[in-house]
Amino acid sequence: MQENKFAAIFKQNAIWLVFVVEIAIFAYFNPKFLSIPNIVNISRQVSYYGIASIGMTFVILIAGIDLSIGSIIALVNVVCAYLMMNMHWNMWLAIIVSILMAILIGILNGWMVASIGIPAIIATFASQTIFRGCAYLLSGGLPIPGVVLEHPTFGFFARWALNRWEIFKSMGTVGLIPICAIIMVICFAVGSFILNKSYFGRYFYAIGGNEEASELSGIRVNKMKYLIYALSGFFAGLAGIVLLSRSGSAQSTAAIGFEFEVITCVVLGGVSVAGGIGRMSGVIAGVLIIGSLKSGMIMMNVSEYTQMVVQGLVLAVAVGIDCFSKKRQAS
Amino acid sequence: MSEDYVLELEHIRKEYPGVIALKDVTLQLRRGEILGLIGENGAGKSTLIKCCSGAVIPTSGKIKINGKEFTRMTPAAENGIAIIYQEFNNVGELSAAENMFLGRPILKKNGIVIDRKAMEEEAAKAFEQLNIKINPRTLVKNLSVGYQQMVEIAKAIQQNAQVLIMDEPSAPLTTNEVESMFKVVELLKSKGVSIIYISHRLEEIFRLSDRIEVIRDGEYVDTLITDKDPATIPNQVDDLIKLMVGREMTQKYPPRKPCVRDEVVIELDHVFGNGDEDISFKVHAGEVLGLGGLVGAGRTEIAQVIFGSRPKESGRIIFMGREINPKAPREAIDYGIALLPEDRKRHGALLTNSIKNNISMPIYERISKGTVIDSKTEKHTAERYREDIQIKCPSIHQLVKNLSGGNQQKVILAKWLAAQSKLTIFDEPTRGIDVGAKFEIYKLINDLVENGVAVLMISSEMEELIGMSDRIVVLAEGKMMGELQKDEFNADTIMSYASGVIPESKKEAV
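Residues numbered from 1 in each chain as written. Chains lettered and ligands numbered in written order. Predicted model: local features only at pLDDT ≥ 70, side-chain atom pairs only at ≥ 80, totals over all residues.

### Regarding helix α5 (residues 175-190) of chain B
Residues and elements named next belong to chain B. Taking 1.5 Å of rise per residue, the 16 residues of α5 would be expected to cover 22 Å, and the 23 Å separating its terminal C-alpha atoms lies within 8% of that figure. Within the span of α5, buried status applies to M181, V184, V185 and L188. Buried residues along α5 cover an arc of 100° about the axis, so they all sit on one side. The outward face of α5, more than 90 degrees from its buried face, is lined by the exposed residues T175, N176, E179 and S190. At its buried positions, α5 is contacted by β3 (34-38), α4 (145-158), β7 (163-167), β8 (194-198) and α6 (202-208). G192 lies just past α5 and shows a positive phi near 95°. (Helix = DSSP H or I, 4+ residues; strand = E, 2+ residues; numbered from the N terminus. Expected span 1.5 Å × (residues − 1). Buried ≥ 20, exposed ≤ 12 C-beta atoms within 10 Å, placed from the backbone. Arc of directions from axis to C-beta. Contact = placed C-beta atoms within 7 Å.)

Structure, rendered in structure tokens:
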């Protein structure tokens, strides 16, 4: 019994072992990998994957998928920048409005999936195309530059996020941690809370396990689907703002293919694409593994094309392990 | 060998882990005869057919075809046995001819390209043999159900089947289609094909069959020679029903204190919907109302309407004195209605979730502050019902999929106990549950009614229906056939009602 428990805990956290081994390998080949600037850099890079991965976790938990988040990010970038730079809105108002828009897109996805009954992969693929198109239309395909430098409040906010290193160094205190990473940590806390402490989490796991039985147990499955796609939209929107603060200019071509990277993180973190199984801690590990993999490969001068190959392999292996273990359980 | 048997099944036995589906069934089919096969739901007819088709391998027993012995059947078609299932195996998007040659197409001489013309000619020949007019080029999805069935029969004939097994062939058909099907069946018989005809409709069995074999609880009971004299049929029906049901009521049911109260918990007033027509009944507090009938009689359907998972078309449902119209299970649950579905694994338990989560699922919103679950209450609830109804498990964190059928049913029951429902609907409460666990489930039902809960129990097991109910309502084909008070309980009467026959003694009363 005791041994089984140990084995179970080990199995649940095996993903963290993968992370540690990965770090060790990169650190062995390049001692700078573990330097503080690099760690800070990684944390900044993973932050927007991390934030978006929370919504994606919920979606995949109910055996759905959201392919629209990359386009949501691009549109949020363009809209937020447009409101601030061209319409001269207050920064916070622009942020709130563009995140609300992201939530609305999520609700639209939920409507297509739950009320109309379009398979999630098609419904969200459609909105991926639609809203990428909207981003192009609004920006005319050109970047909206100068968000960081020219907008007074956002510029400060973004500079702070970007250059925390100098700010905190000069303040001589704790903070080596970039703001976007702090936002990510808060989001993960909220995500874990929803999944483990609120009844929504119980519902998500139930729906992912068996929709019909969930409905017959009193869960309003369609409502939950709306909620989940709306949450996915919200977290994507937030990730969009973080990206904008980092890049300093809004690109309608931002985050193309982003959904697949996020799906890789989530699935790598042990969330089953068949739904119903997965933990937030696993997803955090998945995000960190992919983030450091990218950074490590860049530091080792691995070409971008090779990086793609490696990332694809990681996805296939992660899903393969999940499916294989299920197959063995079934027989 | 004095008789010319095409198919002989000798002492077929089939065991599944924990369940014996067939104990000992023997069946002999003569060349060119129609054998009616009857038995209650769960008597083992389907398993027996599957043994003939090769889908199920018997644990023991012999299968002989034309005197040649097999211990198991592999591709049945090659041995001249064809089966017409209730659900057809047609591909709607293909033509009638293509369906007939599915999996074994006629190829052109080059051996690659399908010879559509040859297939259509062969199909036309087969249809002609059966005196049916189907254009071989018509897509099957555009054919009526009756013709779709004919395509299957023609396929069997085209493959030179000597034995045709038909499982409830009339169930999906309209009256006219049934007549044409009978003609085809009789034609086949005259051509020397042997037919096993399975049906719940006894009048069909009498009209078609030469002999009638009865099985019960996976065992061979008797074979009668059909007497087609209309005068003797009522007596024969009675005899058959006795044979089908006739066992002694040996199984014990836990005693229950009389606890039926006057208070009406739910009343259905001329309810139509979900395929059911004009259903009216009442269930009182502390009462078990049994809902009898055959599979497909519309019992589960009425339960779905009450539970809000299927819409009602008209009529009124009055629950605790006020009219309700639940549009979703959530609403029905909030009124105090619970449903334990027939298919536990698909509709009842959340298999990939823990016992604890399953039990609290309908009440999470009640035991949460805001959206935050009170995890203490959650745990206490689960532990309490685990104790109370003795769910056998190492811990409440165990996943439900790892529990036995009986314990899964207990988890589902615990969830509704926790929700404090006032009406509990059981749909086949003990299906697939072993005898010991059955007794425990019966005790739990008794506990429920003794505490004033109203119970609506759908059951296809005659013994269970009679042993547990205070009153019984019988449905057939979506309509109410009759209601029986406790002193009128009688397996024969229930069976007649369920078969859509109103017995002589009851006729004036209805």
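### Quick look at the environment of A:N109
Residue and element names in this part refer to chain A. Examined against the element boundaries, N109 turns out to sit in helix α5 (residues 91-116). Residue N109 is classed as buried on the basis of its 31 C-beta neighbours within 10 Å. For the pair formed by N109 and I228, sequence separation is 119 residues and the distance between their alpha carbons is 9.7 Å. In this view, N109 contacts D66, S68, A123, T124, S127 and Y229; residues no more than four positions away in its chain are not counted.

### As for the domain arrangement of chain B
Here chain B is partitioned into domain 1 (1-80 + 201-247), domain 2 (263-336 + 422-510) and domain 3 (345-420). Taking the mean C-alpha position of each, domain 1 of chain B and domain 3 of chain B sit 43 Å from one another. (Domains from an automatic or database assignment.)

### Considering the packing of α5(A) against helix α12 (residues 221-247) of chain A
Packed helices, taken two at a time, are described by the angle their axes make and the gap between the axes. Residues and elements named next belong to chain A. Closest axis-to-axis distance for the α5/α12 pair is 7 Å, and the angle between their directions is 145°. Every pair of crossing elements has a handedness; the one defined by α5 and α12 is right-handed. Looking at side-chain class alone, the contact of α5 with α12 contains 16 nonpolar, 10 polar and 1 charged residues. (Axes fitted to C-alpha atoms, helices over the stretch in contact; angles between N-to-C directions. Left-handed = near helix turned anticlockwise from the far one by under 90°. Nonpolar A, V, L, I, M, F, W, Y, C, P; charged D, E, K, R; others polar.)

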